[in-house]
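Next come the chains, spelled out residue by residue.
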Amino acid sequence: MTYPAWVILHVPHDSTAVPADVRAQFLLDEAELGRELDRMTDHRTLAIFADPSSEAVVVRSPVSRLVVDVERFPDDAGEPMAARGMGAVYAATSQLTPLRRRLSAGEREALMQAYYLPHHARLEAAVATAIERHGRCLVIDCHSFPSAALPYEMADSSNARPDICIGTDDFHTSDELAGAFTAAFRRAGWRVSLNEPFAGALVPGSRYRRDARVGAVMAEVNRRLYLREVDATPSADFEHVARRIRESCVEAIASWSS
């Protein structure tokens, strides 16, 4: 089973790379940084969602979200998470403690120019190509989440979390699209929630709430299903779990688009 050519896999948070010049901005020692990367990285989501034997269109951030979070709105004034120090350029950790020293406006802009804007340019180009060639596009926003809420989420960490979270956008995710993804994962035996614990689905800024030809859905996988969370070591059945997730995605797309 393979993804249609008009599907784009957006993988924003699975990298752990921190360039040396950005590392110098952080206030964490090496052990603390390692723990923060373990907590905040959507480990191995590229390997989960992108079948290596297929030619899926993938747009992946090459650096950690601790460098720049490409999922956030670029302007802190329009980004709700900026109030917690976690806008596009994080000032705080998942524990709501200081992550990096205070940056000047110029330093923040340099990070956006180096990492945020090129990433979104790649996404914009991939979507434009899909629209030009196929007249449609579906962006699957590929994520994972910890089995217990982290402090920055401002949620009850004792609440049980689903296996799979499907995130939607009011404009770009039709009821049929959300229903197809929810149903496909449930048929595979997963416990599925809609927009819980996370909500939304990313769309390129130029087409956001403007172009109905662009569909979007977020697929989030509970990390306990495929790795040991304490050190991000993949579980013995990782490949089996990843294959089931890919099959559910492809099945959902087929059901929705038929």
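Relevant structure appears above.
A brief report on the enclosed structure follows. Small disclaimer: the values here were computed from a predicted structure and weren't measured. Every chain's residues receive numbers from 1 upward, in the order its sequence appears when written. Only residues with pLDDT of at least 70 are given local features in this predicted model, and only at 80 or more are side-chain atom pairs given and counted; all residues enter the totals for whole chains, interfaces and linings. The side-chain values count all of the structure's non-hydrogen atoms but skip hydrogen atoms and water molecules.

Structural notes on the overall build of the chain
Here comes step 1: Helix and strand assignments come from DSSP, with helices taken as H or I runs of at least 4 residues and strands as E runs of at least 2, each series counted from the N terminus. Looking only at helices and strands, the chain has 6 helices and 8 strands in total.
Here comes step 2: Secondary structure elements of the chain occur, N-terminal to C-terminal, as β-α-α-α-β-α-β-β-α-β-β-β-β-α.
Here comes step 3: The C-alpha radius of gyration of the chain comes to 18 Å, within 12% of the 18 Å expected for a compact globule of 258 residues.
Here comes step 4: Along the first, second and third principal axes, the C-alpha atoms of the chain reach 50 × 40 × 35 Å.
Here comes step 5: Across the chain, the fraction of contacts at a sequence separation of at least 24, relative to all contacts at a separation of at least 6, is 78%.
Here comes step 6: For the chain, the computed accessible surface area is about 11500 Å², with 51% contributed by carbon and sulfur atoms.
Here comes step 7: Side-chain charges in the chain split into 29 positive and 36 negative, and the spacing between the mean points of these groups amounts to 1 Å. In this treatment the radius of gyration is a C-alpha quantity, and the globule benchmark scales as 2.2 Å times the residue count to the 0.38 power. Two residues form a contact once any of their heavy atoms are found within 4.5 Å. Shrake-Rupley sampling with a 1.4 Å probe provides the accessible areas, and residues are treated as covered by the protein chains on show and by no other component. Charge assignment: positive for Lys and Arg, negative for Asp and Glu; neither His nor the chain ends contribute. Charge positions come from single atoms, namely NZ of Lys, CZ of Arg, CG of Asp or CD of Glu.

Comments concerning the pattern of salt bridges
Here comes step 1: In what follows, salt bridge is the name for a side-chain nitrogen of Lys or Arg lying within 4 Å of a carboxyl oxygen of Asp or Glu. All told, the structure shown has 16 salt bridges when counted by the stated rule.
Here comes step 2: Put simply, arginine 223 and aspartate 42 hold a salt bridge, and the shortest N to O gap is 2.9 Å. Pair noted here: arginine 223 is in the loop between strand S6 (214-222) and strand S7 (227-228) and aspartate 42 is in the loop between helix H2 (30-40) and helix H3 (45-49), with a separation of 181 residues, a long-range link. In this structure, arginine 223 and aspartate 42 share a single accessibility class: buried.
Here comes step 3: A salt bridge links arginine 101 to glutamate 107, with the shortest nitrogen-to-oxygen separation between them at 2.8 Å.
Here comes step 4: One network of salt bridges, with partners in common, ties together Arg65, Asp69 and Arg72. Think of it in three bands: with a 1.4 Å probe and only protein chains considered, a residue is buried below 20% of the maximum accessible area for its type, exposed above 50%, and partly exposed in between.

Things to note about the packing of aromatic side chains
Here comes step 1: Any pair of Phe, Tyr and Trp rings, taking the six-membered ring for Trp, is counted once the centres come within 6.5 Å. Such a pair is stacked with planes under 30 degrees apart, edge-to-face with planes over 60 apart, and tilted for the rest. Under the definition given, this model contains 4 aromatic pairs.
Here comes step 2: The ring of tryptophan 6 has arginine 136 lying over it, and the distance from NZ or CZ to the ring centre is 4.0 Å.
Here comes step 3: Over the ring of tryptophan 190 we find arginine 244, and its NZ or CZ is 4.0 Å from the ring centre. We count a charge as sitting over a ring when the NZ of a lysine or the CZ of an arginine lies within 6 Å of the ring centre and within 35 degrees of the ring normal.

Notes on the pairing of strand S3 (residues 137-145)
Within a regular strand, side chains alternate between the sheet's two faces.
Here comes step 1: Summarising burial for S3: 9 of the 9 residues are buried, a large majority.
Here comes step 2: Neither face of S3 is open: one carries Cys137, Val139, Asp141, His143 and Phe145, the other Leu138, Ile140, Cys142 and Ser144, and all of them are buried.
Here comes step 3: Strands are labelled as partners when DSSP assigns at least two bridges between them. Where strand S1 (residues 7-11) and S3 come together, 4 bridges link them in parallel fashion. The partner of valine 7 across the bridge, within S3, is leucine 138.
Here comes step 4: In this structure, S3 lies alongside S6, joined through 9 bridges in parallel fashion. Looking at the pairing, leucine 138 lines up with glycine 215 of S6.

Points about the nonpolar core
Here comes step 1: Counting residues in each nonpolar core, the largest one holds 34 residues, and the members touching the most others are Tyr3, Phe49, Leu138, Ile140, Phe181 and Phe185.
Here comes step 2: Contributions of two or more residues to this core are made by S1, H3, S3, strand S4 (164-167), helix H5 (175-187), S6 and helix H6 (238-257).
Here comes step 3: With 8 residues, H6 is the largest single contributor of residues to this core.
Here comes step 4: Ignoring any residue separated from it by four or fewer positions in sequence, one finds isoleucine 140 in contact with Tyr3, Val7, Ile8, Leu9, His10, Phe181, Val217, Ala219 and Ile253.
Here comes step 5: Nonpolar cores were defined as sets of buried Ala, Val, Leu, Ile, Met, Phe, Trp, Tyr and Cys residues, with membership established by side-chain atoms within 4.5 Å. Counting 25 residues, the second-largest nonpolar core is a separate cluster that includes Leu28, Leu66, Val67 and Leu103.

A short note on the environment of aspartate 141
Here comes step 1: Relative to the helices and strands, aspartate 141 is located in strand S3.
Here comes step 2: Along the backbone, aspartate 141 and isoleucine 166 are 25 residues apart, and their C-alpha atoms lie at a distance of 9.7 Å.

Topic: the layout of surface pockets
Here comes step 1: Grid points spaced at 1 Å over the protein atoms alone were grouped into cavities, where a 1.4 Å probe fits but cannot get out, and pockets, open sets with protein on both sides within 12 Å along at least five of seven lines, with lining residues defined by an atom within 4 Å of a point. Grid points are joined across faces, edges and corners, and a volume is the space filled by probe spheres set on the points. A volume near 1000 Å³ is recorded for the largest pocket.
Here comes step 2: Taken together, 47 residues make up the lining of the largest pocket; nearest its centre are Glu71, Arg72, Glu79, Ala199 and Gly200.
Here comes step 3: Of all elements in the fold, only H2, helix H4 (105-134), S3 and S6 reach the threshold of two or more residues within the lining of the largest pocket.
Here comes step 4: Of all the elements, S3 adds the most residues to the lining of the largest pocket, at 4 residues.
Here comes step 5: Taken together, the residues that form the lining of the largest pocket break down as 23 nonpolar, 9 polar and 15 charged. Note that Gly is not counted as nonpolar here; it falls among the polar residues with everything else outside the nonpolar set of Ala, Val, Leu, Ile, Met, Phe, Trp, Tyr, Cys and Pro and the charged set of Asp, Glu, Lys and Arg.

Examining the sheet that holds S4
Here comes step 1: Taken in spatial order, the 6 strands of this open sheet run S2-S1-S3-S6-S4-S5, and their pairing is mixed. The open sheet has two free edges, formed respectively by strand S2 (57-60) and strand S5 (192-194), since each of these has just one partner strand. Strand-to-strand, the axes of this sheet are offset by a mean angle of 25 degrees, without reference to chain direction.
Here comes step 2: H4 contacts S1, S2, S3 and S6 of the sheet and is inclined by roughly 160 degrees relative to S2. Lines fitted to C-alpha atoms define the axes here, with helix axes fitted over just the stretch in contact, and angles between the N-to-C directions of these axes take values from 0 to 180 degrees.

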